[in-house]
Amino acid sequence: MTYRRNNAYLASLSLDPQSGSPLHKQLFLALREAILDGRIRAGIRLPSTRSLANDLQISRNTVLSAFDQLLAEGYIVSKVGAGSFVSDQLPEDFLKSQNLKAKPGARARKVNVSARAQRIAGAQLEKPHHGKSFSPGMPELQQFPFEDWARLLGRHWRHPKREFLVGNPIGGSVVLRKALADHLGQTRSVKCDADQILVLSGSQQAIHLVIKAFADINDPIWMEEPGYPGIRDSIISAGAKPISVPVDEEGFQLDRALELAPQAPLACISPSHQYPLGHTMSLARRIDLLGWAKENDRFILEDDYDSEYRYTGRPLSSLQGLDNDNRVLYIGTMSKVMFPGLRIGYLVVPPDLVDLFLALRKGEDGHSPAVAEAALAEFISEGYLASHIRRMRLLYQKRQQTLVTLLQTEAAPWLTVVPQESGMHLIAHLTPRISDKDVEQKTRIAGMLLRSLSSFYQKETAANGLIIGFAGTDEKEMPQLVHKLVRILQELDNS
């Protein structure tokens, strides 16, 4: 529908009934932009609401709503007996045919932000990659027991307790903290009471709180090389300096860490399943690291992100379970064992640090959603979580075997891969002829998310490989996906 009058802009005014946006809002926005651009000049009389409605073939109430909004925001003025006119009180620079959007070549404004913000401003923000195949860390979603989960959620929403409606303790709901304490004690040998657990909005918030607690400006903080980028980001956002400590097949190298930064107050590690290489930290090195923390009054962040999925023997005990001096802060998440959208992680802190971390958490966001936590507590205590983990452990083992066989058979000229004892991803080492970053870029376009191993190093590296998730990709789809990967490898090898 188009409005045709003497004014050049009004003659081309059009609305789209199929856009999903209300017509009165479309008309308001179109007229406002035209006024600000100068296409409808100050002092111009607008047509009457009745005639504009007739010409646009819309109801007069729709036009009245748009005019009322323009009047309320000062874009037009109404004169009794004369009609509606474009206001002449708008700033001059808005009346010189300037578009609301910045023109090409326009000078960017200078914004003074903190030095801490400047350090993280260059971080690359990823676009959502939901649905991409081979995404590392993505669990199987189709086989989650949503009916049981929905029933538990429904139970608490239909008859919610008052305590869940008016707030939540800073550390999270008491019932969930108790359920987590029992679960972690049984499955990960974590030694803690419910009061030592903080329920958070994910493992990244837990990482952030721990680093914030121990890192002053310019403090060196140990992290693994290669390592999880989220830890590096939190160190930088705290104003501290990430110190990249090499890992080998026995895990984190304490001797190298002491050479690089002996005064570091905190070590950030993933001892049970190093991310991304997948190594397990040896018992000797665990004991040495705990000894360092005890003797030097230092602390350890243990990121235990996916240790539930171990395919040879029982899951390894946590480092926290070996700690006899309360030096380990243990971090876990429900994203891998349930689904990422749940946004629930947890942090286990030493007893004498509980009040400190409650205060830090209060400064972040106060408390977490209570009803979902109550449902999760029952999901754990009634055995649904343990049952789901057992099923997924068998499924993921099968998927890993399928993927390894396909890669070894189809892609052997370009990469080497071996099975992992635990986790949700594989490391495939590439021939030097092909850049892992080129493969990552090409596979993204093809609907897959294979991470380049080299991008997880902070220092220059000769590492050249792919991080390939298998947990969330159906084994029936894997042959076609591997075939697509092989075509990409061939193309890059021949270019």
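Before going into details, it helps to say that this report is about the structure given with it.

Procedures and definitions
- Residues numbered from 1 in each chain as written.
- Predicted model: local features only at pLDDT ≥ 70, side-chain atom pairs only at ≥ 80, totals over all residues.
- Heavy atoms only, no water.
- Helix = DSSP H or I, 4+ residues; strand = E, 2+ residues; numbered from the N terminus.
- Rg over C-alpha atoms; globule rule 2.2 N^0.38 Å.
- Buried < 20%, exposed > 50% of the residue type's maximum accessible area, 1.4 Å probe, protein only.
- Contact = heavy atoms within 4.5 Å.
- Expected span 1.5 Å × (residues − 1).
- Pairing = 2+ DSSP bridges.
- Axes fitted to C-alpha atoms, helices over the stretch in contact; angles between N-to-C directions.
- 1 Å grid on protein atoms, 1.4 Å probe; cavity = no way out; pocket = protein on both sides within 12 Å on 5 of 7 lines; lining within 4 Å.
- Points joined across faces, edges and corners; volume = space filled by probe spheres on them.
- Nonpolar A, V, L, I, M, F, W, Y, C, P; charged D, E, K, R; others polar.
- Salt bridge = Lys/Arg side-chain N within 4 Å of Asp/Glu carboxyl O.
- Core = buried A, V, L, I, M, F, W, Y, C linked by side-chain atoms within 4.5 Å.
- Phe/Tyr/Trp six-rings, centres within 6.5 Å; stacked < 30°, edge-to-face > 60°.
- Lys NZ or Arg CZ within 6 Å of the ring centre and 35° of its normal.

Okay, the overall build of the chain next. Of the regular secondary structure elements, the chain holds 17 helices and 16 strands. Rg of the C-alpha trace for the chain: 29 Å, well past the compact-globule value of 23 Å for 495 residues, more than 25% over. Taking the principal axes of the C-alpha coordinates as reference, the chain spans close to 90 × 65 × 50 Å. Counting only residues that meet the buried cut, the chain has 50% of its 495 residues in that class. A sequence separation of at least 24 residues applies to 71% of the contacts in the chain between residues at least 6 apart.

This part takes up helix α6 (residues 146-158). Between its first and last C-alpha, α6 extends 17 Å over 13 residues, near the 18 Å set by a 1.5 Å rise per residue. Of all the positions in α6, only Trp149, Leu152, Gly154 and His156 are classed as buried. Those residues of α6 that are buried are in contact with α7 (162-166), α14 (370-381) and α15 (384-410).

Turning our eyes to something else, we now look at the sheet that holds strand β14 (residues 425-430). Sheet architecture is open: 4 strands sit in the order β13-β14-β16-β15, paired in antiparallel fashion. Only two strands of the sheet have a single partner each, and these edge strands are β13 (415-417) and β15 (451-452). Sheet topology note: the β13/β14 ladder contains 3 bridges and is antiparallel. Its bridge partner lying in β14, Val417 is registered against Ala428. Here α15 sits on the sheet in contact with β13, β14 and β16 (465-469), set at roughly 150 degrees to β13.

Glancing now at empty space enclosed by the protein. By the definition in use, this model includes 2 cavities of 30 Å³ or more. Computed from the structure, the largest cavity encloses a volume of approximately 60 Å³. If you trace the largest cavity, you find it lined by Met223, Glu224, Gly227, Tyr228, Ile231, Cys268, Ile269, Ser270, Tyr275 and Asp303. Residues that form the lining of the largest cavity fall into these classes: 6 nonpolar, 2 polar and 2 charged.

Turning our attention to the environment of Val328. Note that Val328 resides in strand β11 (residues 328-333). Separated by 27 residues in sequence, Val328 and Leu301 place their C-alpha atoms 6.0 Å apart. Once residues lying within four places of it in the same chain are set aside, the contact partners of Val328 are Leu290, Ile300, Glu302, Leu319, Gln320, Asp323, Val348 and Pro350.

Taken as a whole, this structure holds 18 salt bridges when the rule is applied. A salt bridge links Asp37 to Arg39, with the nearest nitrogen and oxygen atoms 2.9 Å apart. Take Arg39: its relative accessible area is 38%, and that puts it in the partly exposed class. In this structure, Arg155 engages Glu378 in a salt bridge whose closest nitrogen and oxygen atoms are separated by 2.4 Å. Taken as a pair, Arg155 in helix α6 and Glu378 in helix α14 lie far apart in primary sequence, 223 residues in all. For Glu378, a relative accessible area of 17% gives the class buried.

Grouped together as the largest cluster of nonpolar side chains are 62 residues, with contacts concentrated most on Met334, Met338 and Leu376. Here this core takes 9 residues from α15, the largest share from any one element. When residues no more than four places from it in sequence are discounted, the contact partners of Met334 are Leu180, Phe339, Leu342, Ile344, Tyr346, Leu376 and Leu385. Core analysis: the next-biggest nonpolar cluster, separate from the first, contains 27 residues, Phe214, Ile221, Ile235 and Leu301 among them.

The mixed open sheet is built from 8 strands, whose spatial order is β5-β12-β11-β10-β9-β6-β7-β8. Each having just a single partner strand, β5 (197-200) and β8 (251-252) make up the two edges of the open sheet. Sheet topology places strand β10 (residues 299-303) next to β11; 4 bridges connect them, and they run parallel. Each bridged residue has a counterpart across the sheet, and for Leu301 the counterpart in β11 is Leu329. The sheet strands contacting helix α8 (residues 174-188) are β5, β11 and β12 (345-348), and the helix crosses β5 at an angle near 110 degrees.

Let's shift gears to unusual backbone geometry. Of note, the amide linkage connecting Glu225 to Pro226 takes the cis form, showing an omega dihedral of 0 degrees. Looking at the element boundaries, Pro226 is found in the loop between β6 (220-225) and α10 (229-237). Cis rather than trans, the peptide bond between Tyr275 and Pro276 has omega equal to 10 degrees. Structurally, the position occupied by Pro276 is in the loop between β9 (266-269) and α12 (283-296). Not every positive phi belongs to a glycine, and Asp297 is a case in point at roughly 55 degrees. As for its placement among the helices and strands, Asp297 is situated in the loop between α12 and β10.

Another point: α15. Taking 1.5 Å per residue as the helical rise, α15 with its 27 residues ought to reach 39 Å, and the 38 Å between its terminal C-alpha atoms agrees with that figure. Of the residues making up α15, those classed as buried are Leu385, His388, Ile389, Met392, Leu395, Tyr396, Arg399, Gln400, Leu403, Val404, Leu406 and Leu407. Packed against the buried residues of α15 are α8, α14, β13, β14, β16 and α17 (478-494).

Counting buried positions along β14 gives 5 out of 6 residues, so the element sits mostly inside the fold. With 5 bridges joining them, β14 and β16 adopt antiparallel strand pairing. Looking at β16, one finds that His429 is bridged to Gly465.

What follows concerns the packing of aromatic side chains. Working definition: an aromatic ring pair is given by the centre-to-centre distance plus the angle between the planes. Inspection of every chain in the model, using the stated rule, returns 15 aromatic pairs. Between Phe144 and Phe339, the aromatic rings sit 5.2 Å apart at their centres with planes inclined by 80 degrees, giving edge-to-face as the arrangement. Of this pair, Phe144 sits in the loop between α5 (115-120) and α6 while Phe339 sits in the loop between β11 and β12; the two residues are 195 residues apart in sequence, bridging distant segments of the chain. Residue class for Phe339 comes out buried when judged on its relative accessible area of 16%. Ring centres 6.2 Å apart and planes at 85 degrees place the aromatic pair Tyr228 and Tyr275 in the edge-to-face group. In this pair, Tyr228 sits in the loop between β6 and α10 while Tyr275 sits in the loop between β9 and α12, placing the two residues 47 residues apart along the sequence. The ring of Phe299 is capped by Arg327, whose NZ or CZ atom sits 4.9 Å from the centre of that ring.

Any functional reading would require information beyond the geometric quantities listed.
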